[in-house]
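Each chain, letter by letter, is given below.
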Amino acid sequence: MTGAARDTGPGSDRASSRPSGSEQLLFGGELAYDQGWSQHHGAWLRLGLRSMAAAIPRQVGIAVRLAHRADRRALYTVAAGEFGRGVTQAVSLVAVNALLVELLAQGSTTERLRAALPSLVVVAVLSVIGSVLKSVSAAATGILQPKVQRVATERYLALVARVELEAIEDDAFHKLMDSAQWGADSARRMVGYCTAVVTSVISLVAAAGVLTVLHPVLLPLLVAMALPSAWSSLTMARHRYVSWHRFAQHARAAQLLGRLLIDQQAAGEVRVHDVGPFLLGHFRGMADTNEREQTRLAWAGARTGLAADAARGVATVLTYGVLGLLLWHGHMELAVGGTAVLAIRSGSASITDLVLKITDLQEESLFVGDLETLCVEAERRAIPATGRDVPEQVDQIRFDNVTFTYPGAPEPSLRGVDLVIPRGSTVALVGRNGSGKSTVTKLLCGLYLPDDGRVVWGDVDTAEARRTQIFDRIAMVAQNFHRWPFTARVNIGIGRPGAPIGEEAVDAAAAYAGADEVIAALPRGKDTLLARGYRGGQEISGGQWQKIGLARARYRDGRVLIVDEPTSALDPAAEQRVFDQIHRLAGSGQTTVLVTHRLHSVRQADLIYVLDEGRVVEHGTFDQLMDPATGVGLFREAYELQARQFRTPPVPGQRDGTAAFTSEGQTAP
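Residues numbered from 1 in each chain as written. Predicted model: local features only at pLDDT ≥ 70, side-chain atom pairs only at ≥ 80, totals over all residues. Heavy atoms only, no water.

> Just give me the short version of the overall build of the chain, but keep the residues and values in it.
Along the chain, the regular secondary structure elements total 21 helices and ten strands. For the chain, the proportion of its 669 residues judged to be buried stands at 46%. Contacts in the chain between residues at least 24 apart in sequence constitute 75% of all its contacts with a sequence separation of at least 6. (Helix = DSSP H or I, 4+ residues; strand = E, 2+ residues; numbered from the N terminus. Buried < 20%, exposed > 50% of the residue type's maximum accessible area, 1.4 Å probe, protein only. Contact = heavy atoms within 4.5 Å.)

Shown next as structure tokens:
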């Protein structure tokens, strides 16, 4: 099979660390997961039994704080239930000892049963109480877990939604978000693990306390019996942990291959190009690699389990041998010996379970720690909630010698830009791809702050302003505006998400953008879900989405409307209608900033700025830029090149130079 993985085998760490043939061909190399879980690979593996035991209080403290924030009543119920179970278990062992004393005493069977009846009743009642407490604790834990996950998720989502856009686009912050996303789910699981740890600790303390009272020599024997199981559990947990991390992306990639076979967008090419056998072959190859790894784990588990069972068997023989000697020499009564057996078995099971849950708890706590780190970093990088108030009306927005470089970019996107946007005017930004047009709009609305220079609203620098007030004054139709997977009504009304969606306002906005015709053709009108894959969901075209996006901006009714390539997917008639509407808004007092490659659409703009390589190379009215006596010539040349396409049929295969002001692959009008 071409590309299938044949380079791994059970027990071969070196082989399993190399990328499979399918990984190399399809994904360019080994799918090593370098984010999230893998960050803690070394930290978790360095843990030993002693360090894990020392970490219990801190890990339980993390879970308790989250649980207290989520539902303190449920938390108190869990705590009371688990404490009550521990007390019940300890008392139950004492009652069992009393029961055995009576049953093994001198006298007839009837007399012994009558004497043992009170102890038997106590044991039965304690058993019922323990079961009730276990059920109550389990119910409270079930109630608490989803609330903890919600609280943790809401906290980090609310903080991330308020960070600077620069942080979202920062690779380091993005990796932290990737890792922290596991944190909320880990917080949920930590509640259950903490409950199990507390239960095991209380059970262990109860058993150890009873054994100490019965005979002190039994306590170290209990530890000796439990240690092999603890070692086995920890060893296999580490094996699984390493394997999971090594094959995490490998497994995800294998699932991706399966999804591609049934993906709606890929369906046509899968059939026409007969891609199915190719994907299936590599799916089988990657699955084979995973199966080999599972075989290796199975053999490792068998070897570890055999060694642990042998050691536990020796410890068990030794324990019961010592117990027999104590009975033989009269240092312990037979009833006490029976109780000791029960306590040893209970304590041994508690230690084994404790180690298992602590390994789970420790692993989850690492990602809850990531979540806490993200929250701290998000608070540090949040958009300030305070600042100077922005005037209700500003006469102009001004860029003064603005320079800006995107994080990680080698060169500035804007270099010493000066421009003015008067209130109630239509200002067009034109230029080739990468000239800085969209960057100007991002600084204009406060998504970024300049490295040098100032962006000033009236007399308030955006660096000093209460930027939420700037956001409130902006309505934006970005080039790649978001297509919300909600109803058409919400896709328009989400322009003002802080207020109830008004029926008349939605209709007016839809009519303004021509989206009313789109909505009328939908099966449920404004209540039609615009997302495939859900019941009743519909798919609309790119041009129809663009009308919805324009309607959303109109519904927002911001004092400054920013439209970035608003008609790229519209037919000529709809395009002209949109531009007419945009120009009419300026007449009603709204300020409009228009970013476009279609130069015929800026004829009516009050002011045109031409950008090239992050600089304003010329500006003025349309007539001024077209006048050979006043214009620099860049705008005029590009406009004439676009206009020539309509006058002279292009020669097949000839490039005419209009790419200077048109998007790649886009035909200029």
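Picking up where we left off.
> Go over the sheet that holds strand β3 (residues 426–431) with me, naming the residues and quoting the values.
Ordered in space as β6-β7-β8-β3-β9-β10, the six strands form an open sheet in which the pairing is mixed. Across the chains shown, the open sheet's two edge strands, defined by having one partner strand only, are β6 (474–477) and β10 (615–620). Ignoring strand direction, the axes of neighbouring strands in this sheet form an average angle of 15°. The sheet contact formed by β3 and strand β9 (residues 607–612) spans five bridges and is parallel. Residue V430 lies in a different strand from β9, and its bridge partner there is V610. Against the sheet, helix α13 (residues 437–444) touches β3, β7 (560–564), β8 (591–595) and β9, its axis set at about 140° to β3. (Pairing = 2+ DSSP bridges. Axes fitted to C-alpha atoms, helices over the stretch in contact; angles between N-to-C directions.)

> So what about the nonpolar core? Which residues, and what values?
Of all hydrophobic cores here, the largest spans 37 residues; its most connected members are V430, I492, I548, V602, I608 and F635. Grouped together as the second largest cluster of nonpolar side chains are 36 residues, L75, M177, A187 and C375 included. (Core = buried A, V, L, I, M, F, W, Y, C linked by side-chain atoms within 4.5 Å.)

> Mind laying out the UniProt feature "transmembrane region" (unreviewed entry) in the chain, listing which residues take part and the relevant values?
Here the UniProt-annotated "transmembrane region" (unreviewed entry) positions come out as residues 190–211. Helix makes up 100% of residues 190–211 and strand 0%, whereas the separation of the span's terminal C-alpha atoms amounts to 31 Å. (UniProt positions renumbered as here; feature names shortened; annotations may be inferred.)

> Break down the sheet that holds strand β4 (residues 452–457) for me, with residues and values.
Spatially, β2-β1-β4-β5 is the arrangement adopted by the four strands of the open sheet, whose pairing is antiparallel. A single partner strand is all that each edge strand has here, and the edge strands are β2 (414–422) and β5 (460–461). Pairing analysis gives five bridges linking strand β1 (residues 396–404) to β4, with the strands arranged antiparallel. Note on β4: the bridge partner recorded for I397 is W457. Most of the contacts of α13 go to β1, to which it runs at about 120°, and overall it touches β1, β2 and β4.

> Tell me about the packing of helix α16 (residues 503–513) against helix α18 (residues 542–556), residues and numbers included.
Where α16 contacts α18, the two axes come as close as 8 Å, and the packing angle between them is 130°. Taken together, the axes of α16 and α18 lie oblique to each other. Both α16 and α18 take part in a crossing whose hand is right-handed. Residues A505, V506, A509, A510, Y512 and A513 of α16 touch α18, and the partners they reach there are K547, L550, A551, R554 and Y555. Residue classes in the contact of α16 with α18 are distributed as nine nonpolar, no polar and two charged. (Parallel < 35°, antiparallel > 145°, perpendicular 65-115°, else oblique. Left-handed = near helix turned anticlockwise from the far one by under 90°. Nonpolar A, V, L, I, M, F, W, Y, C, P; charged D, E, K, R; others polar.)

> Talk me through α16; I want residue IDs and the actual numbers.
Restricting attention to buried positions, one finds in α16 the residues V506, A509, A510, Y512 and A513. Angular distribution of buried residues about the axis of α16 spans 160°; they occupy a single face of the element. Just downstream of α16 lies G514, where phi reads positive at about 80°. (Arc of directions from axis to C-beta.)

> I'd love a proper account of the pairing of β3, names of residues and values included.
For β3, the buried fraction is high: six of the six residues fall into the buried class. Residues of β3 alternate between two faces, with T426, A428 and V430 on one and V427, L429 and G431 on the opposite face, all of them buried. Examined bridge by bridge, β3 and β8 share four bridges and lie parallel to one another. Across the sheet, the residue bridging to A428 is L594, located in β8.

> Before we move on, can you summarise the layout of surface pockets with the specific residues and values?
Put simply, the largest pocket is a space of about 1,500 Å³. Broken down by secondary-structure element, the contributors of at least two residues to the lining of the largest pocket are α7 (165–168), α13, α14 (467–472), β6 and α18. For the lining of the largest pocket, the class distribution of residues is 21 nonpolar, nine polar and seven charged. (1 Å grid on protein atoms, 1.4 Å probe; cavity = no way out; pocket = protein on both sides within 12 Å on 5 of 7 lines; lining within 4 Å. Points joined across faces, edges and corners; volume = space filled by probe spheres on them.)

> With reference to specific residues and values, describe the pattern of salt bridges.
Per the stated rule, a full pass over the model turns up 25 salt bridges. Its salt-bridge partner being D185, residue R189 comes within 2.4 Å of it at the nearest N-O pair. Pair noted here: R189 and D185 are both in helix α8 (residues 171–214), with a separation of four residues, about one helical turn. Overall, R189 belongs to the partly exposed group, its relative accessible area being 25%. Across the pair D612 and R432 runs a salt bridge whose closest N-O atoms are separated by 3.2 Å. A residue pair is termed long-range when its members are at least 10 positions apart, and D612 in strand β9 and R432 in the loop between β3 and α13 qualify at 180 residues. Accessibility expressed as a relative area gives 35% for R432, which makes it partly exposed. Through salt bridges with shared partners, a single network forms among R489, E503, D507, K526 and D527. (Salt bridge = Lys/Arg side-chain N within 4 Å of Asp/Glu carboxyl O.)

> Which residues make up a nonpolar patch on the surface, and what values go with them?
A contiguous nonpolar patch, built from L117, L120, V121, V125 and I129 and spanning about 410 Å² of accessible area, is present on the exposed surface. Relative to the elements of secondary structure, V121 occurs in helix α6 (residues 109–160). Looking at V121, the relative accessible area reads 43%, which means it is partly exposed. (Patch = residues over 30% accessible without salt bridge, like charges linked within 9 Å, V, L, I, M, F, W, Y side chains within 5 Å. Areas by Shrake-Rupley, 256 points an atom, 1.4 Å probe, with all protein chains shown as cover.)

> Residue-level account of the environment of I62, with values.
By the element assignment, I62 lies in helix α4 (residues 49–70). For I62, a relative accessible area of 13% corresponds to the buried category. It is 9.6 Å that separates the C-alpha atoms of I62 and V191, two residues lying 129 residues apart in sequence. Setting aside chain neighbours within four positions, we find I62 in contact with M190 and V368.

> Before we move on, can you summarise unusual backbone geometry with the specific residues and values?
Positioned with a positive phi, D557 is a non-glycine residue whose angle comes to about 55°. When you line up the elements, D557 lands in the loop between α18 and β7. Judged by relative accessible area, D557 falls into the partly exposed class, the value being 47%. We note that E613 has phi near 55°; this positive angle belongs to a residue other than glycine. The residue E613 is located in the loop between β9 and β10 in this model.

> Describe the packing of aromatic side chains, naming the residues involved and giving the relevant values.
Throughout the structure, instances matching the rule amount to seven aromatic pairs. Where W484 meets F486, the ring centres are 6.0 Å apart and the plane angle is 5°; that geometry is what we call stacked. Seen in terms of ring centroids, F635 and Y639 are 6.3 Å apart; in terms of plane orientation they differ by 20°. Their pairing is stacked. Of the two residues, F635 and Y639 are both situated in helix α21 (residues 634–647); the distance of four residues between them amounts to about one turn of the helix. Accessibility expressed as a relative area gives 13% for Y639, which makes it buried. Three or more aromatic residues joined by ring pairs make a cluster, and in this case those are F404, Y406 and Y448. The side chain of R554 reaches across the aromatic face of Y512, ending 5.3 Å from its centre. (Phe/Tyr/Trp six-rings, centres within 6.5 Å; stacked < 30°, edge-to-face > 60°. Lys NZ or Arg CZ within 6 Å of the ring centre and 35° of its normal.)

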